[in-house]
Amino acid sequence: MSGIEPSTASRGRVPTVGGVIALCVALLAGWLSVIVGSAGAAEPRPTVTVSQNTSLVNQRILVKWTGFTLAAGTNSVVVMQCKGTSPQPRDCWAPRWTENGNEVKQPDSSPPGAATKQTGLPTAADGSGQVWIQVRPALRLSELGCSDRQACSIVAFVMPAAGSTVTSFTPFHVDLGESYGPKDTDMALAFAAGQAAFTPLSFVPAPDACPGMEHPDLSVNGSGEFTQAGASWVFGLCGARTSPVNMTVSAGSGPSGREAFLGNLVDVGVTQQPIGGPLDKARPVALPTIRDKDKTVYAPLTNGALVFSFNIDDVQTHLPIPSMKLTPRLIAKLITGAYLPFEHEPGAILNFYDDPEFKALNGTYSWPTAARTPILRGVQDDTIWALTAWLASDPETVTWLSGTPDASGIVCPPEWRIGKATYPLAVYTNRVEMLSNTNVPQTVYEDVVNRLGNAVPTNRSMTEVGPKDDGQDKYGSHYVMAITTVEAATRMGTPVAKIRNAAGNFVDPTDPATVRAGLAVAKPGSDGVTLTNDYRNTAQNAYPLTITDVAMVSTDKLTAAKAAKIDTFLAYAATAGQVQTGSFRPGALPPGYTPLSDAQKQQIAAARSKIAAAPKWTGETPPPTTAPVDQGTGAGNSGGSSAGNGSPNTPGTIDPGNTPTAAPSTAPSTAPVGAAAPPTDKGPFPSVANVIKDALDGDPSAVVLLVLMCVSGAALIACPVLLSLGHKRRTGGWPPPVAAVLRLIGRQGATA
């Protein structure tokens, strides 16, 4: 039976227009039903989705795929970051290819785990699967150059077995998480066979998005924990419609920031302790005194928290473990290497995850059978001082650090016992020789973050050419921990442990309420702005390891022009710089930070008043500020540049606490993520182009208004012309107004 009704028109009668339209609609509906029916019967096409595909920085995203029914029950799926929105095999970081008869592959990544590729990934019976993968912007992976101007993609495809063809495609069977390098022909065959899919990615602007980086107005250097916020604020400040500021942000540590600031090497230092605070007093070498430390003004910038984040998979399910609880003593056992086979009580536990203290708190999951020391920074840092001060404030932990075994016979290594080690510590080093190849402290903040996200431990093997990094854990067998920040854990999508506070409660630092509670009981330093945690305060919900990054500004030889730029920076930090949107948006406060309180914003206002009231220097212009070089390393950031990679105009830092046990890094540093303001127009009036640009900047509705205005203007001119032409065509003469104008022109021409 046809789906088209017979016509009711009499025979021989010409169909009406309406009848023809009805017939066409019916035919179209019939064809659509056939197409839809066929599509419904076809195999589902593979698709890929991601947890975030815009405003990306150096971070991890969750990739999910569906429709790979051919690969169901296998571990044959490959996921990669590639360049472009229609990527070819050579646009991706991982594939090998043949060129002039030779096989070519991408160079080894540096730091380890930088390649954005995951292989040996499982697919469920329904053709679906998922994996976390780190994606990198141009600064972190220049070969792909991903930015707001260079779109990229996530590609997922089924690795074909040898002998596969487009019509006879067989998945490549491998062990779970097995690492292998696909060839360009493998990826091309998967696409041709319909066993591949991709989805586009868009990153935040690259550092050169603001022109004029060679002439920054402001240099900011110090605490690595601040740099992700600083990277964001760079774009908000340089893109301001009025009073733009071109700022570079470089990462180091609190001590190196104070040293660079007092040495007159940067305009603004970032610290967590005041100049001359407890860590500075413990330094064997005094800070430089080029600037008068008594002429320093302090202003809070960001709040955060030091956390114990982990990337650990359940041994049975191979899925990420989402939660963990830790006590101060458990953390002390981890960082001191207490589970190594040295002097212990008989029958002592030699695996962290078998420790009865740990199992009593975390018995739900199947934990790994071996333990690793958490990844830590190996430079002098305010956070290391805070961490070890917290451990030394807990009575149970102090007893253990003094040499008394716990109930399971686990004892503190002699090298870490109170008396042998002085608490708090300014720098973390390998005091136990047995850890030298399994625990390599990292000099750079961002290297800690990258290793955590990629599950790249600090283990290394000794080879003929020296120590070599063991590389990334396999999918489903991750077990890496790191001591880092909420911001870093949020960016990498790794869970953080709840830790026990002085009230005996396990508090979650990803809840801003616990961070605010910890800040509320923290004690101000001698400057009145920097904060020291009150580790023994029994506030029920207080997180004990909060972080407040504070700006240091000197009024010593401060010019009026520089003071104006600093004032704009601080005003931004108190307003737009505290706005959060749920994801990284240039100019806003990134996820993982806790916005400043009203009282802290008032402290910024007070600092601005002090800077404005300070006498301005009118003598010889000081030399341009340039931060010192960080011995070839710096702290990395999605928006930043390298202190040791040869990038121009890149202030770095010196970490005075670098030790031989710290792992050298060739990773880019955080900064500069700065840029200079667009050039201004010459003359007393701005150009029309700039006026239009400023009017439209950031306001899509204004574009529509401009189009409507242009169309209206064109119509205003075209209408009388067309009406006049029509009048002449109908009557043979111009309308009276036009005729009068033509006669006037004629008379003037005759007179001339």
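Residues numbered from 1 in each chain as written. Predicted model: local features only at pLDDT ≥ 70, side-chain atom pairs only at ≥ 80, totals over all residues. Heavy atoms only, no water.

Trainee: Explain helix 4 (residues 254-262) to me, and be specific about the residues and the numbers.
Mentor: Most of helix 4 sits out of view: eight of its nine residues are buried. Within helix 4, the full set of buried residues consists of G254, P255, S256, G257, R258, A260, F261 and L262. Phi for N264, located one or two positions after helix 4, is positive at around 60°. (Buried < 20%, exposed > 50% of the residue type's maximum accessible area, 1.4 Å probe, protein only. Helix = DSSP H or I, 4+ residues; strand = E, 2+ residues; numbered from the N terminus.)

Trainee: Explain the sheet that holds strand 3 (residues 77-83) to me, and be specific about the residues and the numbers.
Mentor: Within the open sheet, the four strands sit side by side as 6-3-8-9. Their pairing is antiparallel. Because the sheet does not close on itself, it has two edges, and the strands there are strand 6 (117-121) and strand 9 (196-201). Between one strand and the next, the sheet's axes are offset by a mean angle of 20°, whatever the strand orientation. Taken together, the six bridges between strand 8 (residues 152-158) and strand 9 define a ladder with antiparallel strand orientation. Counted as the bridge partner of I154 is T199 from strand 9. Here helix 2 (residues 184-192) sits on the sheet in contact with strand 3, strand 8 and strand 9, set at roughly 80° to strand 8. (Pairing = 2+ DSSP bridges. Axes fitted to C-alpha atoms, helices over the stretch in contact; angles between N-to-C directions. Contact = heavy atoms within 4.5 Å.)

Trainee: Summarise the packing of aromatic side chains; cite the residues concerned and give the values.
Mentor: Enumeration over the complete set of coordinates arrives at 14 aromatic pairs. Here Y339 and F352 contribute two aromatic rings whose centre-to-centre distance is 5.7 Å and whose plane-to-plane angle is 75°, an arrangement assigned as edge-to-face. Pair noted here: Y339 is in the loop between helix 6 (328-336) and helix 7 (356-361) and F352 is in the loop between helix 6 and helix 7, with a separation of 13 residues, a long-range link. Grouping residues by exposure puts Y339 and F352 together as buried. Each ring, one from W416 and one from Y428, has its centre 5.6 Å from the other, and the planes form 25°; the classification is stacked. Linking W416 in the loop between helix 9 (395-401) and helix 10 (445-454) with Y428 in the loop between helix 9 and helix 10, this pair joins segments that are twelve residues apart in sequence. The pair W416 / Y428 is uniform in exposure class, with both members buried. Between K325 and the ring centre of F506, over which it is positioned, the NZ or CZ distance is 5.5 Å. Against the face of W416 rests R431, its NZ or CZ located 5.3 Å from the ring centre. (Phe/Tyr/Trp six-rings, centres within 6.5 Å; stacked < 30°, edge-to-face > 60°. Lys NZ or Arg CZ within 6 Å of the ring centre and 35° of its normal.)

Trainee: Outline the packing of helix 13 (residues 560-574) against helix 14 (residues 598-613), listing residues and values.
Mentor: Remark: helix 13 packs on helix 14, axes separated minimally by 10 Å, with the N-to-C direction vectors making an angle of 170°. Put simply, helix 13 runs roughly antiparallel to helix 14. Residue-level inspection shows A563, I566, D567, L570, A571, A573 and A574 of helix 13 in contact with helix 14, the latter providing K601, I604, R608 and I611. Counted by class, the contact of helix 13 with helix 14 contains eight nonpolar, no polar and three charged residues. (Parallel < 35°, antiparallel > 145°, perpendicular 65-115°, else oblique. Nonpolar A, V, L, I, M, F, W, Y, C, P; charged D, E, K, R; others polar.)

Trainee: Describe the state of the cysteines, naming the residues involved and giving the relevant values.
Mentor: Counting across every chain of the model gives two disulfides. C82 shares a disulfide with C92; S-S distance 1.8 Å. Judged by the sign of its S-S torsion, about 100°, the cystine formed by C82 and C92 is right-handed. Of the two residues, C82 sits in strand 3 while C92 sits in the loop between strand 3 and strand 4 (97-99), which places them ten residues apart along the sequence. Taking relative accessible area as the criterion, C92 reaches 0% and is therefore assigned buried. Disulfide pairing is shown between C146 and C152; the S-S distance is 2.0 Å. The disulfide joining C146 to C152 has a torsion of about -95° about its S-S bond and is therefore left-handed. Assigned by exposure class, C146 and C152 land together as buried. (Disulfide = S-S within 2.5 Å.)

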